[in-house]
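# Residue-level structural notes
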Amino acid sequence: MQAEINGIDKKNLVEAFAVSCTYHAGDSCVAAVADVSCAIAAGQRIALVGASGSGKTSLLHLLGGLISPTAGTVRWPAMETKQANLLRSRSFIFQNPSLLPPLTILENTELPMLLTGEGEALARLRAQNELEQVGMIALANKLPEELSGGQAQRVAAARALSIRPALLLADEPTGQLDRQTGLELIDRILRAADYTGAAVIIATHDEDVAARMQRIWRMSRGKLEVDH
Ligand SMILES: Nc1ncnc2c1ncn2[C@@H]1O[C@H](COP(=O)(O)OP(=O)(O)OP(=O)(O)O)[C@@H](O)[C@H]1O
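It should be emphasised that the depicted structure is a prediction, and the values quoted were computed from it without experimental measurement. For every chain, the first residue of the written sequence is number 1, and numbering continues from 1 along that sequence. Since the coordinates come from a predicted model, pLDDT governs what is reported: local features require at least 70, and pairs of side-chain atoms require 80 or more to be given and counted, while whole-chain, interface and lining totals use all residues. Side-chain measures were taken over the full set of non-hydrogen atoms in the model, leaving aside hydrogen atoms and water.

The subject of this paragraph is the packing of helix α4 (residues 105-115) against helix α5 (residues 120-133). All axes here are fitted lines through C-alpha atoms, helices being fitted over the stretch that makes contact, and every angle between N-to-C directions spans 0 to 180 degrees. Under the DSSP-based scheme used, a helix requires at least four consecutive residues in state H or I and a strand at least two consecutive residues in state E, with every element numbered from the N terminus. Axis separation between α4 and α5 bottoms out at 9 Å; the angle between their running directions is 125 degrees. On the basis of their axis angle, the class for α4 and α5 is oblique. α4 and α5 meet at a crossing whose hand is right-handed. Residues Ile-105, Leu-106, Thr-109, Glu-110, Met-113 and Leu-114 of α4 pack against Glu-120, Ala-123, Arg-124, Arg-126, Ala-127, Gln-128 and Leu-131 of α5. Here the contact of α4 with α5 is built from residues that sort into 7 nonpolar, 2 polar and 4 charged. Roughly parallel means an angle under 35 degrees; roughly antiparallel, over 145; roughly perpendicular, 65 to 115; everything else is oblique. Each helix crossing is assigned a hand: it is left-handed if the near helix lies turned anticlockwise from the far helix by less than a right angle, otherwise right-handed if that turn is clockwise. The contact rule is simple, with two residues in contact once any of their heavy atoms fall within 4.5 Å. Throughout, the ten residues Ala, Val, Leu, Ile, Met, Phe, Trp, Tyr, Cys and Pro are labelled nonpolar, Asp, Glu, Lys and Arg are labelled charged, and all others, Gly among them, are labelled polar.

Another point: α5. Taking 1.5 Å per residue, 14 residues should reach 20 Å; α5 reaches 20 Å between its end C-alpha atoms and fits that length. Note on α5: the residue one or two positions beyond its end, Gly-135, has a positive phi of about 75 degrees. To estimate how far a helix should extend, the number of its residues minus one is multiplied by 1.5 Å.

In summary, soluble globular proteins display a tendency toward joint burial of nonpolar side chains. We call a set of buried Ala, Val, Leu, Ile, Met, Phe, Trp, Tyr and Cys residues a nonpolar core when their side-chain atoms join them within 4.5 Å. Note on classification: 1.4 Å probe, protein chains only; a residue is buried when its accessible area is under 20% of the maximum for its type, exposed when over 50%, partly exposed between these limits. The biggest cluster of nonpolar side chains holds 38 residues, and the ones touching the most others in it are Ile-93 and Leu-131. Contributing elements (two or more residues each) for this core: β3 (45-50), α4, α5, α6 (149-162), β6 (167-171), α7 (179-196), β7 (199-203) and α8 (207-211). Sequence-distant contacts of Leu-131, defined by excluding residues within four places in its chain, comprise Ile-105, Leu-106, Thr-109, Met-136, Ile-137, Ala-140, Val-155 and Ala-158.

Taken together, 14 residues form the shell around the ligand, and within it Ser-52, Gly-53, Lys-56, Thr-57 and Ser-58 come nearest. Two N or O atoms count as a polar contact when they lie within 3.5 Å, although within protein this holds only if one can serve as hydrogen donor and the other as acceptor, and sequence-adjacent residues are included solely when both atoms are side-chain atoms. Within the contact set of the ligand, an oxygen atom lies 2.5 Å away from a side-chain nitrogen or oxygen of Ser-52. In the model, an oxygen atom of the ligand is placed 3.0 Å from a nitrogen or oxygen of the Gly-55 main chain. Surface accessibility follows the Shrake-Rupley procedure with a 1.4 Å probe radius. Residue values consider only the protein chains on display as shielding. Within the complex, 63% of the 630 Å² of free accessible area of the ligand lies under protein. With 3 residues, the single largest contributor to the shell around the ligand is helix α2 (residues 56-64). Of the residues that constitute the shell around the ligand, the class distribution is 4 nonpolar, 8 polar and 2 charged. Whether a residue is near a molecule or strand depends on its heavy atoms: if one lies within 4 Å, it is near.

The subject of this paragraph is the pairing of β6. The element β6 is extensively covered by neighbouring structure, given that 5 of its 5 residues are classed as buried. Paired strands are those between which DSSP finds at least two bridges. The sheet contact formed by strand β5 (residues 90-93) and β6 spans 4 bridges and is parallel. Bridge assignment links Arg-90 to a residue of β6, and that residue is Leu-167. Of the pairings in the sheet, the one linking β6 to β7 comprises 5 bridges and is parallel in character. Paired with Leu-168 across the bridge in β7 is Val-200. A clockwise path from the first strand over the helix to the second, with the strands pointing away from the viewer, defines a right-handed crossover. Once the chain exits β6 it traverses α7 before rejoining the sheet at β7, and the crossover so formed is right-handed.

The next thing to look at is the environment of Leu-62. Within the secondary structure layout, Leu-62 lies in helix α2. Taking relative accessible area as the criterion, Leu-62 reaches 1% and is therefore assigned buried. Sequence spacing of Leu-62 and Arg-212 is 150 residues, and the spatial spacing of their C-alpha atoms is 24 Å. Those residues within four positions of Leu-62 in sequence are excluded, and the remaining contacts are Val-19, Cys-21, Val-33, Ile-67, Ser-68, Pro-69, Val-74 and Trp-76.

The subject of this paragraph is the sheet that holds β6. Taken in spatial order, the 6 strands of this open sheet run β5-β6-β7-β3-β8-β9, and their pairing is mixed. Of all the strands in the sheet, the pair left with one neighbour each is β5 and β9 (223-226). Across the sheet, the mean angle from the axis of one strand to that of its neighbour is 20 degrees, orientation sign disregarded. Relative to strand β8 (residues 215-220), β3 runs parallel, the two being bridged by 5 bridges. Each residue of the ladder has a partner; that of Gly-50, found in β8, is Met-219. With respect to the sheet, α6 is in contact with β5 and β6, its orientation differing from that of β5 by roughly 180 degrees.

That is the geometry; function is a separate question.
Written as structure tokens, this is what we have:
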């Protein structure tokens with residue numbers, strides 16, 4: 001693992017050095033991520049697997065910069081340049097789709113592009129295209145409350161892909177989908193990543209999803225084991 005970090009260094013989208021994430025609640029504390037080092041380079045496809053509670057979500061949030069480690073360091077070498085817009089470089093598909101309730105499906109999908117300075121016309125066009133690709137264009141004018149959990153997950157994927165991120169972090173994006181629709185969504189995510197050269201890390205309990213990725217990272221009680 002260390003060789004991987006040292007080997008590609010500056011080209012890495014994200015690097016974690018001996019990171020830990022410990023949650024404190026009252027008298028108890030949980031080491032959700034414990035002394036993990038890893039790196040992701042452009043174009044890599046990684047499945048993050050492990051039992052429920054093993055620390056997958058916490059590691060994804062650390063790698064995406066959503067939470068700070070309680071020990072160790074996370075860096076984004078390839079993104080920390082003047083040219084790269086950090087906000088546009090990383091994108092999440094959360095376990096819970098987290099669509100904004102007052103906005104339509106189309107508006108939800110456009111939002112990250114508008115927030116990162118894309119023009120309205122291009123944002124609309126790209127949002128429509130992404131929704132089309134995940135089979136959700138017919139529901140573009142609906143509100144999130146009118147969608148099933150699986151439909152909302154597909155919209156969340158379209159929203160995450162719309163900004164064409166360099167690094168896509170997805171937390172069980174097929175958890176609420178039937179097998180066939182889930183695999184179609186993964187294929188769409190991988191096609192989009194092929195097109196842009198993005199790296200993808202997907203936390204999943206689904207072996208078929210994991211089999212579509214190049215590498216498997218296994219978490220067990222906060223520790224990470226990387227298959228090469
Ligand atoms: N905000 C929090 N406060 C306290 N403990 C937490 C918090 N978030 C997670 N944990 C604990 O940290 C551990 C790892 O949780 P995490 O959600 O990262 O695991 P996971 O592998 O993603 O699980 P799942 O597959 O069920 O989504 C668990 O024991 C969980 O209870």
